[in-house]
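Close look at the chain arrangement
What follows is each chain in one-letter form.
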Amino acid sequence: MSAASPVNPTELHDQTDASVQSELEREVARRRTFAIISHPDAGKTTLTEKLLLYAGAIELAGAVRGRKARKHATSDWMALEQERGISITAAALEFELEGRRMALLDTPGHKDFSEDTYRALIAADSVVMVIDAANGVEEQTRKLFEVCRRHRLPILTFVNKFDRPARDPLELLDDIERTLGISAAPVNWPVGNAEHFRGVYDLHRRHLLLYERESQGQYRAPVDVSDLDDPDARELIGENAYAHFRESLDVIRAAGTHFDVTEYLAGRQTPVFFGSAMTNFGLEPFLRALVELAPPPQPRVSDAGLVSPTDERFTGFVFKIQANMDPRHRDRVAFVRVCSGKFLKDMAVSNSRVGKTIRATRAYRFFGRDRETVSEAYAGDIIGLVNPGQFTIGDTLHTGAPLHLPGVPRFPAEHFGRVRLQDTRYKQFDDGLRQLEEEGLMQVFFAASGRREPIVGVVGALQFDVIASRLRTEYGVEVQIDAASYAAARWVADPARTIPSLGGGAAVAVDRRDRRLILFASEWEVQYFERQHPDVKLLAESPV
């Protein structure tokens, strides 16, 4: 027997590296991290439930509102969310769909959303935009769309509620283009609407998908694939609905925007799908597109250059902190978007802000309120690290040489209120306010003179109720929040600059770090001050 050939250590090392890289590339390629944006009541939460239903992540879809026997939305974990039937905080939901590992950042859809909504978009690689077929593009959709535009996120659009009276689909496409300034390319076309809504026509595959209503949409809807000229399909649709459908279909074929995947990925065009999340009509082609078109994790800019998702070193950033998700443990969880490499449980990671190394011993994956221990994670995944005070929003975590990913911006507050303690539990009150501020729920200010009650600034006024509810249930203190007559906060850029005397309803204040700012009663006051004092530079976001 001949002797075995000696093993070359360099070749063995190269083979191991190639195997690791192959695994890393394969896992990253199948990740899809996305968020859903919409105006209130457009059907975002229902679409989320149906997505989970079709992915097999849940067995029964339960609407947020409706029959008392139905469950709360899977993504809603806070008591106030379950009580009011709305989504307030951004939840992370991870599940498998057709071989892809999907991470859904379920952003709040209520009109009084929080900064949490914006920050979730920073952690996403693409977005699903839900539009009400009767109302078209609405105010909150425009606000969230602007954040997506700034970060060049590709957007898939689902025009929902065609099972109810709806605007003409041509009119809806025009509304998207005029209001948002983005090209709208229909991928399918609705057949009828309201009680005559029968399905959608796939423009690319050139076939009709005709649906039957099934158990109030709690299970997958039966679907029949048919040819456009099938007489049985024509009879099912009805002559009037069929004639209008063919007429508008001819228009869109001749003059409509044709889908271009390059334009979609560049954020200049949105593919548009029509359907009904409640009845499950039109969901299959939309979910198929989500799997096929939504991009995998993208490179991220850092101060050390572009970070590729397949770089071997682990990097990620904290985009959300949530306290007391589990009332039994009273823990604080830092939600981390993994940007590159492979995360392993118990690995040592550095926090670039403080230059400290931390061992990640307690890492979790979330499905709404439910959690499971994570042993490994890849770029695109969302993991939760139990946070005994080491992390703040915007922190970069990494292995290897130091680097910083761009900080997560603080968005300007639009509503202000004075928080009055209703009992004598001052320590619990201070601790609660400090921890809720660290979560990014609100910004806390103190008047430079006069009354010393904390002034809280929030993006949406519902957050006042959230603050009061969480201080009561999680910290055992009763508070009253009275509206304050301010509409904007501006930091003074130069800490040594003398602030001129203020008129009107403006007042000088400081934040938690004693940085000076001016609270203004209106945007007009801000503009007037800037015209009168051009040498005093004001910042809409808190200085780093």
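Treat the numbers as computed from the prediction; the structure is a model and nothing was measured.

1. Comments concerning the overall build of the protein chain
Of the regular secondary structure elements, the protein chain holds 13 helices and 29 strands. Burial status across the protein chain gives 55% buried among its 544 residues. For the protein chain, the proportion of contacts with a sequence separation of at least 24, taken over those separated by at least 6, is 71%. Here the protein chain has roughly 24,000 Å² of accessible surface; of this, 49% comes from carbon and sulfur atoms.

2. As for the packing of helix α11 (residues 426-438) against helix α12 (residues 462-475)
Running from N to C, α11 and α12 cross one another at 125°; their axes reach a closest spacing of 10 Å. Relative to α12, the element α11 is oriented oblique. Handedness of the α11/α12 crossing: right-handed. Residues Q428, G432, L433, Q435 and L436 of α11 lie in contact with α12, whose contacting residues are I467, R470, L471 and Y475.

3. Description of the layout of surface pockets
Its volume calculated, the largest pocket comes out at about 930 Å³. Taken together, 31 residues line the largest pocket, and the ones lying closest to its centre are T392, I393, R410, R513 and S542. Secondary structure elements with two or more residues in the lining of the largest pocket: α11 and β23 (443-447). Here the residues of the lining of the largest pocket are counted per class, giving 11 nonpolar, 9 polar and 11 charged. Around the second largest pocket sit 22 residues that line it, and I122, H151, L153, P299 and R300 are the ones nearest its centre. Of the residues assigned to the lining of the second largest pocket, the class counts are 15 nonpolar, 3 polar and 4 charged.

4. Looking at the sheet that holds strand β25 (residues 479-483)
Here 8 strands make up an open sheet; going across it, the order is β25-β22-β24-β23-β27-β28-β26-β29 and the pairing antiparallel. Edge strands, defined here as strands with exactly one partner in the open sheet, are β25 and β29 (538-539). Bridge count for β23 against strand β27 (residues 507-511) is 3 bridges, and the pairing is antiparallel. Bridging from a neighbouring strand, F446 pairs with V510 of β27.

5. Brief notes about unusual backbone geometry
Even without glycine at this site, K161 takes up a positive phi of about 70°. Looking at the secondary structure, you find K161 in the loop between β5 (155-160) and α6 (169-180). One non-glycine residue, D346, lies in positive phi territory at about 75°. With respect to the helices and strands, D346 occurs in the loop between β14 (342-344) and β15 (348-351). Residue D346 is classed as partly exposed on the basis of its relative accessible area of 34%.

6. Considering the confidence of the model for the protein chain
Close inspection of predicted coordinates is inappropriate for parts of the model with low pLDDT. Mean pLDDT over the protein chain stands at 83; residues scoring 70 or higher make up 83%. Low pLDDT, under 50, characterises residues 61-72; the stretch is placed with 22 contacts to residues that sit more than four places away or in other chains.

7. A short note on the pattern of salt bridges
This structure, assessed with the given rule, holds 32 salt bridges. Taking the shortest distance from any N to any O, the salt bridge between K427 and D431 comes out at 2.9 Å. Of the two residues, K427 and D431 both sit in helix α11, 4 residues apart, roughly one turn of that helix. Residues joined in a network through salt bridges with shared partners are E27, R30, R31, E94, E96, R101, R365, E372 and D381.

8. Observations regarding helix α2 (residues 44-55)
For α2, spanning 12 residues, the distance from its first C-alpha to its last is 16 Å, which sits close to the expected 16 Å at 1.5 Å a residue. Here α2 has its buried residues at K44, T45, T46, L47, T48, E49, K50, L51, L52, L53 and Y54. Looking one or two residues beyond α2, the residue adopting positive phi is G56, at roughly 80°.

9. Here we look at a nonpolar patch on the surface
There is a patch of nonpolar side chains on the surface, built from F259, V261 and L265 and spanning about 220 Å² of accessible area. In this structure, V261 sits in helix α9 (residues 261-265). A relative accessible area of 37% means that V261 is categorised as partly exposed.

10. A closer look at the pairing of β15
Across 4 bridges, the pairing between β15 and strand β16 (residues 356-359) is antiparallel. From the neighbouring strand, V349 faces β16, where its bridge partner is I358. Between β15 and β16, which pair antiparallel and follow one another directly, the connecting turn spans 4 residues, one of which, G355, has a positive phi of 70°. Where β15 lies against strand β21 (residues 396-398), 2 bridges are found, and the strand directions are antiparallel.

11. Observations regarding the packing of aromatic side chains
The tally for this structure, following the rule as stated, stands at 16 aromatic pairs. Residues F158 and F286 carry aromatic rings whose centres are separated by 5.0 Å and whose planes lie at 55° to one another, so their mutual orientation is tilted. On the criterion of sequence distance, the pair formed by F158 in strand β5 and F286 in helix α10 (residues 283-293) is long-range, its members being 128 residues apart. Judged by its relative accessible area of 0%, F158 is buried.

12. Some words on the packing of α2 against α10
At their nearest, the axes of α2 and α10 sit 11 Å apart, and the two run at 80° to each other. Relative to α10, α2 is oriented roughly perpendicular. Counting all contacts with α2, which are made through L47, K50, L51 and Y54, the residues of α10 involved are L283, E284, F286, L287 and L290. Class assignment for the residues of the contact of α2 with α10 results in 7 nonpolar, no polar and 2 charged.

13. Section: helix α5 (residues 139-150)
Given a rise of 1.5 Å per residue, 12 residues ought to cover 16 Å, and the 17 Å separating the end C-alpha atoms of α5 matches this to within 8%. Taken together, the buried positions of α5 are occupied by Q140, T141, L144, F145, V147 and C148. For α5, the angular spread of buried residues about the axis comes to 155°, placing them on one side. One or two residues past the end of α5 sits R152, with phi positive at roughly 55°.

14. Considerations on the pairing of strand β28 (residues 516-520)
Most of β28 is tucked away, with 4 of its 5 residues classed as buried. The pairing of strand β26 (residues 488-492) with β28 spans 4 bridges and is antiparallel. Pairing of A489 across the sheet is with L519, part of β28.

Cut-offs and rules
Residues numbered from 1 in each chain as written. Predicted model: local features only at pLDDT ≥ 70, side-chain atom pairs only at ≥ 80, totals over all residues. Heavy atoms only, no water. Helix = DSSP H or I, 4+ residues; strand = E, 2+ residues; numbered from the N terminus. Buried < 20%, exposed > 50% of the residue type's maximum accessible area, 1.4 Å probe, protein only. Contact = heavy atoms within 4.5 Å. Areas by Shrake-Rupley, 256 points an atom, 1.4 Å probe, with all protein chains shown as cover. Axes fitted to C-alpha atoms, helices over the stretch in contact; angles between N-to-C directions. Parallel < 35°, antiparallel > 145°, perpendicular 65-115°, else oblique. Left-handed = near helix turned anticlockwise from the far one by under 90°. 1 Å grid on protein atoms, 1.4 Å probe; cavity = no way out; pocket = protein on both sides within 12 Å on 5 of 7 lines; lining within 4 Å. Points joined across faces, edges and corners; volume = space filled by probe spheres on them. Nonpolar A, V, L, I, M, F, W, Y, C, P; charged D, E, K, R; others polar. Pairing = 2+ DSSP bridges. pLDDT = per-residue confidence, 0-100. Salt bridge = Lys/Arg side-chain N within 4 Å of Asp/Glu carboxyl O. Expected span 1.5 Å × (residues − 1). Patch = residues over 30% accessible without salt bridge, like charges linked within 9 Å, V, L, I, M, F, W, Y side chains within 5 Å. Phe/Tyr/Trp six-rings, centres within 6.5 Å; stacked < 30°, edge-to-face > 60°. Arc of directions from axis to C-beta.

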